[in-house]
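What follows is the residue order along each chain.
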Amino acid sequence: MPPTTLLLASGGGHEVGLSITLVFTAVLLGLIACLALEEKIHAKKSIIAGVFAIVALMMGIVFHVLPGTAEVHVFAETLTIPIYIPAIDWGVIAIILGSSIFVDVTSKSGLFTWIAIKLTKASGGDPVRLLWFYGLMTVVFSAVLNNVTAMIIVGSLTGVSLRKLGRESQLLGFLLVEGLLTNIGGLLTLISSVPNIIVGTAAGISFVEFFVAAAPYVVVGTVVTIFMGARLFGIVKLGSDEERAEAAALVSGFDENDGIESRGFFVFGAVMLVAFILVIATTSVLPFVSELGMGYVALTFAVIMLARFKSSVDTFYRALDWDLLGFFAALFIVINVMEHAQVLTLIGHGLEFIIDLGDTLGTGLILIAAAAFSSVTDNIPLAAMLAKILGALGKPSDSALWWSVVFGANLGGNLTPIGSASTLVAVTIMHKQGLRISFAGFVVKALPYALVQIALATLYVLLVLA
Amino acid sequence: MTNVDQFESVFRSADKPVFQPADVELATVLVVSDLAPEAAERFTGAVRRFLHGLDDPAITWETLDGGRFASQGELLEQVERIAPQLVCSYRNLHSDGWRWPHSLGEYLDVLTQVGPSPVLVCPHPEEMEPDTFADFGTDRVMAVTDHLAGDDRLVNWAVKIAEDDGHLLLTHIEDQRDYERMIDVISKIPALDTDAARRTIMPQLLKEPRDYIRSCREQLERAGARVVVEEVVTMGHRLGDYERLVKEHRVDVLVLNTRDDDQLAMHGHAYPLVVELRALPMLLL
């Protein structure tokens, strides 16, 4: 068997036998299978990925596919560090860590609940207006914050407000549409979802470039999804003046100022949120800041917000999703080992076969395959793996293939309840509200939306972005 | 705030009952006593003076003297026939039980729990001359409850009987013993943070009635009601604190709910007040 050529981010290489590569491929497949069966094996992602990272590292040393240490050169100084340290993309971890803390602390200002309640009152309690307002809010919150937080905020408000309006029968429709829209909103900016961060960073796409390319699709996808939701779930406008007056009186009982403990902090939170978006959007062109990257920006804003709670920051540290962060770190290690073991090269050859089918068929198939894969397992390993492979194949940042991965990885999450963290949150809220929906039940209800969204995305990537 | 429950709590807290002012329809008032016809009419006159805040010549005042009923069934038949929107009476009808202040008497028990109308309980004529309580007027009306938020009917009745430019005291006393018991239980559950519970539960318990009272004040102003709304929201021991508040605020009449959907007897929190505060007129809903 001729050895395959190793792909390394640094451009260096060494030879690995195919049999060894196949052994590591089996490990990768094992990880993907375990992540897909996460609910069945009752284990958190971080533990699953952590176990595979430890096994993969040890195998890497035993089979001599990677060294135990790496050298980092900082000016004249050379640091020797364990190989698993540079294996982790600390830039991505910093963005997720910083933005999570920033969003969490900012939510304490009452800003997001204020916006949510204002919109509820503006709807006058009319179900159709409420669906549009909540839908748009979900998209914007998913884009600006992250899709899990967006689903938590809008989903919890939906439960409270629809019960108040006596419209519990429409809860399923609202929550499903919102869950599906989180992944549409998650396409809007470079920091809206983890696959965006991973792929965008690997491709070298700036925040503004990402936004300009994704925004038209997000607008169309949002409108189509809400329109379909209203039609398929029979959500109609209130018929009489009495109904409208009654609904308006009910929603008028919401007090948007109730969650605001300090008016000063509320204003500060709003200002900081706008500043955060502006700085993140312009990071690539800001002097000095561009050298430190978006992770630095996210952490800086997190620290500024934490200063408001300087004596009780541990509350926010405890609230962090350590499972997610641990999962990312372990996943990056596994991917790095797979990279050294030539597994990514092997998959890259398969990918090249699809890409070589042509700009149209190849790009479209990548998007559909990415969506299908993301629907049954986590879209983050997929995004991380494909980003590495496309980078190694030398695809330029304006290649439509990057967008195929972005759109496929995000929208695939709408096919099943386990396809993305936010749809999982949507299902959790459904169960919390007493709505019994099975895995298959979710798929049946979500499938029409997901197919339309993926079809629209394929057309958009091929006709506009290619 | 990273989980669904935390955000749901925020939204539930923001969802406040809004007071809806509504006119209380009052076409007929029935005054029931165990007095002879002439004395019964005088008693009715005293009740009318006391309730001069109603100030509506269209109201029909009916008097039921002691000779027109000799049993609870007969009284209920008369009440059903006259169909008043308000019944006015006093404790221990056709009985000398007023000498032993430990009950309402069987007639009032039935009127308050079976009759469809609210009952204004006046001091017994043997304990206080009717002209005396008639002079109280209804300048200071106190609506009392252990669950004020959302009780529009209670507030609307209190507004109805209050004199123009009178004071409406909306009162909510959260039971200190119940609260301490709850904290004590929480302190024995490792999964619950006792300090956080102590820090957050009491303010939330008091916040809800305060929010509602604010809504009452705003809505009554908007509706042009001529009452001054005052807020009394506190922790305490209900009976003792109400007695104190009645004295402190020189209250003329109490308005309170007495019916409990879960039981035939009077609401457990109302009963001791109705039995013990005998010198104070009370409107029982």
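Heads up: the structure comes first, above all this text.
This part is about the overall build of chain A. Helix and strand content of chain A: 22 helices and four strands. Compactness check: chain A gives a C-alpha radius of gyration of 23 Å against a globular reference of 23 Å for 466 residues, within 12% of the reference. Counting only C-alpha atoms and orienting by the principal axes, one finds that chain A spans roughly 80 × 50 × 40 Å. Of all 466 residues assigned to chain A, the portion counted as buried reaches 54%. Counted over contacts in chain A with a minimum sequence separation of 6, partners at least 24 positions apart contribute 76%. Carbon and sulfur atoms make up 68% of the accessible area of chain A, which amounts to about 19,200 Å² in all. Of the charged side chains in chain A, 22 are positive and 29 negative, and the gap between their average positions amounts to 12 Å.

This next bit is on the sheet that holds strand E7 (residues 227–236) of chain B. Residue and element names in this part refer to chain B. Spatially, the nine strands line up as an open sheet ordered E2-E1-E3-E4-E9-E8-E5-E6-E7, and their pairing is mixed. This sheet does not close on itself; its edge strands, each paired only once, are strand E2 (60–64) and E7. Neighbouring strand axes in the sheet, compared pairwise and without regard to direction, differ in orientation by 20° on average. Summarising the sheet, strand E1 (residues 28–32) and E2 pair through five bridges and their orientation is parallel. When the bridges of E2 are listed, valine 32 appears paired with leucine 64.

All names here are of chain A. Here the structure, examined in full by the defined rule, presents one cavity of 30 Å³ or more. If you list the elements that add at least two residues to the lining of the largest cavity, you get helix H1 (18–36) and helix H19 (379–392). A total of three residues in the lining of the largest cavity trace back to one element, the largest contributor, which is H19.

Listed per partner, the contact involves 23 residues of chain A and 18 residues of chain B. Here chain A packs against chain B, burying approximately 1,800 Å² in sum over the two surfaces, 63% of which is carbon and sulfur. At the junction of chain A and chain B, the tally comes to six salt bridges. Between A:Asp255 and B:Lys16 there is a salt bridge, with the nearest N and O atoms lying 2.5 Å from each other. At the surface where chain A touches chain B, the tally comes to nine residue pairs in polar contact (both at pLDDT 80 or more).

To continue, consider the state of the cysteines. Going through the model one piece at a time under the given rule, you end up with zero disulfides over all chains. You can see B:Cys122 has no disulfide; the closest cysteine sulfur is in B:Cys88, sitting 5.8 Å from it.

With that settled, consider the packing of helix H5 (residues 90–107) of chain A against helix H13 (residues 263–282) of chain A. Residue and element names in this part refer to chain A. Two numbers describe how H5 lies on H13: the axes approach to 10 Å, and their chain directions differ by 150°. Judged by the inter-axis angle, H5 sits roughly antiparallel to H13. Between H5 and H13 lies a crossing of left-handed hand. For the pair H5 and H13, contact is made by Ser99, Phe102, Val105 and Thr106 and by Phe265, Gly269, Met272, Leu273 and Phe276, respectively.

Our next topic: the side chain of B:Asp211. Among the structural elements, B:Asp211 can be located in helix H8 (residues 194–222). In terms of polar contacts, B:Asp211 uses its side chain to reach the side chain of B:Arg214, at 3.1 Å. The contacts of B:Asp211, once residues within four sequence positions are left out, are A:Asp258 and B:Lys16.

All names here are of chain A. Of note, histidine 64 is a non-glycine position whose phi angle comes to about 60°, a positive value. With respect to the element layout, histidine 64 can be found in the loop between helix H3 (45–62) and strand E3 (69–74). Of note in the backbone geometry, phenylalanine 75 takes a positive phi value of approximately 50° without being a glycine. You can see phenylalanine 75 is positioned in the loop between E3 and strand E4 (77–82).

Each value, and the rule that gives it
Residues numbered from 1 in each chain as written. Chains lettered and ligands numbered in written order. Predicted model: local features only at pLDDT ≥ 70, side-chain atom pairs only at ≥ 80, totals over all residues. Heavy atoms only, no water. Helix = DSSP H or I, 4+ residues; strand = E, 2+ residues; numbered from the N terminus. Rg over C-alpha atoms; globule rule 2.2 N^0.38 Å. Buried < 20%, exposed > 50% of the residue type's maximum accessible area, 1.4 Å probe, protein only. Contact = heavy atoms within 4.5 Å. Areas by Shrake-Rupley, 256 points an atom, 1.4 Å probe, with all protein chains shown as cover. Lys, Arg positive; Asp, Glu negative; His and termini not counted. Charge placed at Lys NZ, Arg CZ, Asp CG, Glu CD. Pairing = 2+ DSSP bridges. Axes fitted to C-alpha atoms, helices over the stretch in contact; angles between N-to-C directions. 1 Å grid on protein atoms, 1.4 Å probe; cavity = no way out; pocket = protein on both sides within 12 Å on 5 of 7 lines; lining within 4 Å. Points joined across faces, edges and corners; volume = space filled by probe spheres on them. Buried area = accessible area lost by both parts, 1.4 Å probe. Salt bridge = Lys/Arg side-chain N within 4 Å of Asp/Glu carboxyl O. Polar contact = N/O pair within 3.5 Å; in protein donor to acceptor, adjacent residues only side chain to side chain. Disulfide = S-S within 2.5 Å. Parallel < 35°, antiparallel > 145°, perpendicular 65-115°, else oblique. Left-handed = near helix turned anticlockwise from the far one by under 90°.

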